[in-house]
Every structure is written in C-alpha cells, then in structure tokens.
Amino acid sequence: MDSTALLIASSLNAGTVLAIASLGLLINEKAGIVNLGAEGMMLCAALAGFATVVHTGSSTLGFVAGMAAGALLAAIFGVLVIWLNTNQYATGLALSLFGAGFSAFAGTGYVQEKLPEQVRHAIPLLADIPFIGPALFRHHPMVYICVALVVFLIWFLYRTRAGLVLRSVGESPESAHALGYPVRRIRLLAVVAGGALCGLAGAYVSTAYTPLWVEGMIAGKGWIALALTTFATWRPARVLLGAYLFGGVTMLQFHLQGMGVNVPSQFLTMMPYVATIVVLVLISRNPTWIRINMPSSIGKPFYPGA
C-alpha cells in the first residue's frame, strides 16, 4: 500500500475514536453539562466491550456492552450533577479517576485474552480503486457510521424541534423551564446519550482499533476528545475535521519512524498533546468567538425553584 494512502487510512481510524467520543461530549455541552469523565467512561466501556467479545465472540454485542457501560456511568454522573447539583467539574474528574481504577482492577483477568480473528472490511469495487480505495474504502464500518452520526447530529440539532429544545436548554434553562420543558430530564437524556457515544468509542478501541485489553489503553483520548469540542466550537462537522486532524498528528509519529526519520520517539509521542494545547491557546485568544458559539449555561447548575 502507498505510504501516503496508509497514513490517510490510519488517520481516519485514529480520528474515528476521537470523533465519536467528542460528538457525545458535544451533546452534553449543548445541553449545558460539562462531563470531564470521558476518559473513565471510555476505559470502562473498552473493558466491557472486550470482555463481551471474549465471552460471546460477537463484535456487535461488544459495541452494545460498551455503549451500555458508558450510558450507565453517565446516568450516575447525570443524577449527581443535575438532581443533586454537585459540582460538574469535580464530579467529572471523580468519574474519570473511578473509571481508570475500576477498569484496571476488573480487567486484570483479560490482559492475556485474545479476540477472534478480525474480518477484513472493504467496500466492493471502490476498495480496488488505486490509492483512493486503500485510503478511504477499506475501513471498519464504524468509520462510516461516525460520518453518518455527524450528518445525523447536524440535522437533529439544527433542523428538528427536539434539537432546538436541547439547544434552548443549554442556552437558557430558565426560559425553557418557563415554557414548560422538563429541563432536568432533557439534560439527563443528553448526558446518557453522550455517555453511550463515549462508550461506543471506548468499545471500538478495544475490539477493533487495537483488539486487546491493556490497563489505561485509552491513553488520554478522552481528554483530547473533550478539548476537541472547544476546538470545533461546538459544531459537529468541525468535530469530525478536528478529530481527523488530531488522528493524523497521532499517526504521523509512526509514519515518520517507518520512513527512518531520526526524531526522538518521546517528541513524536507528545505531538498530539502539544497540538491540543496549541490549538486551545489559539482559539482562546478570541474570547468573543468562544462566547458566541459556547452554550450560555454550560457548567452551571439549574435550580427550578429559583
């Protein structure tokens, strides 16, 4: 396979993980909730998905288990921050720490386990096109599902009444409550949906992207996904583009090593995180732009009786 086509293909695969998780976090933040627990949810979902495939042999059930694990943890987080009004940032950090510790403890018996051999995926005819085929049409179905999710979210958020209500809850929960909308229930549904997508991303990592279980295998992807929502200014299409950009930066280190470029491996490993910091700094230089695009009530508790 051409090295450039290989880099594009690997970038799309790496970006898919970030994009799916970021879309889940975007739904949360559109409803006014910040969930810093993405890393923990993805780790628990990765373990749940991997264990399910080990015991059942079904990748589909693995994805379902991952989504269920992410949704369950998100629901617990949602009850704490929406009904009990705990601090969203502290609760999210606690969830992230819990997920890392619990997955490490519960996953000790799966470290040496192996999954059934992966089926090679390719779109007939299109996969045989020189360069374009290997780069774009030989991916796991989840890569294409991710693109479909972006299209669906754009339609849902900006073309449907339910999407308008969700955005209004994030912009002005008091006004939505005055109009009779159940703000807390809408926020909880958004949080659970976002958690399910983070769970799907985690399950994809352990069952398809790198089909194995290793403690801490998410390796900061949850934090990068969180940064991506700001990078994309809360727009689904920009989330996808940003995810592919960061995926490309991540894969570039292996591409350069394969080409024999004499660059310290530690420098290449830190590139995705440096890129994240640089992008956030550049965006933060224009606070007006952030203020215009960011949901107004993000991170703030809602008191129905106030």
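As the structure is a prediction and not an experimental result, all values here were calculated from the model.

One pass over the structure, following the stated rule, counts five aromatic pairs. With 6.3 Å between their ring centres and 25 degrees between their planes, Tyr-204 and Tyr-209 make a pair best called stacked. For Tyr-209, a relative accessible area of 21% gives the class partly exposed. Ring pairs connect the aromatic residues Phe-152, Trp-155 and Phe-156, which therefore count as one cluster.

This next bit is on the environment of Pro-272. Summarising the element assignment, Pro-272 is placed in helix H12 (residues 265–284). Residue Pro-272 is classed as buried on the basis of its relative accessible area of 4%. Sequence separation between Pro-272 and Lys-221 is 51 residues, and the spatial gap between their C-alpha atoms is 9.7 Å. Setting aside anything within four residues of it in sequence, one finds Pro-272 in contact with Ile-224, Phe-246, Val-249, Thr-250 and Gln-253.

Judged by side-chain polarity, Ile-8, Leu-126, Ile-129, Phe-131, Ile-132 and Leu-136 come together as a nonpolar surface patch covering roughly 430 Å² of accessible area. Structurally, the position occupied by Ile-132 is in helix H5 (residues 132–136). When its relative accessible area of 38% is taken as the criterion, Ile-132 is described as partly exposed.

Turning to the packing of helix H6 (residues 141–159) against helix H7 (residues 161–171), a few remarks are in order. The contact between H6 and H7 brings their axes to 5 Å, and the two run at 75 degrees. Taken together, the axes of H6 and H7 are roughly perpendicular relative to one another. Across the interface between the two elements, Phe-156, Leu-157, Tyr-158 and Arg-159 from H6 touch Arg-161, Ala-162, Gly-163, Leu-164, Leu-166 and Arg-167 from H7. Counted by class, the contact of H6 with H7 contains six nonpolar, one polar and three charged residues.

Analysis parameters
Residues numbered from 1 in each chain as written. Predicted model: local features only at pLDDT ≥ 70, side-chain atom pairs only at ≥ 80, totals over all residues. Heavy atoms only, no water. Phe/Tyr/Trp six-rings, centres within 6.5 Å; stacked < 30°, edge-to-face > 60°. Buried < 20%, exposed > 50% of the residue type's maximum accessible area, 1.4 Å probe, protein only. Helix = DSSP H or I, 4+ residues; strand = E, 2+ residues; numbered from the N terminus. Contact = heavy atoms within 4.5 Å. Patch = residues over 30% accessible without salt bridge, like charges linked within 9 Å, V, L, I, M, F, W, Y side chains within 5 Å. Areas by Shrake-Rupley, 256 points an atom, 1.4 Å probe, with all protein chains shown as cover. Salt bridge = Lys/Arg side-chain N within 4 Å of Asp/Glu carboxyl O. Axes fitted to C-alpha atoms, helices over the stretch in contact; angles between N-to-C directions. Parallel < 35°, antiparallel > 145°, perpendicular 65-115°, else oblique. Nonpolar A, V, L, I, M, F, W, Y, C, P; charged D, E, K, R; others polar.

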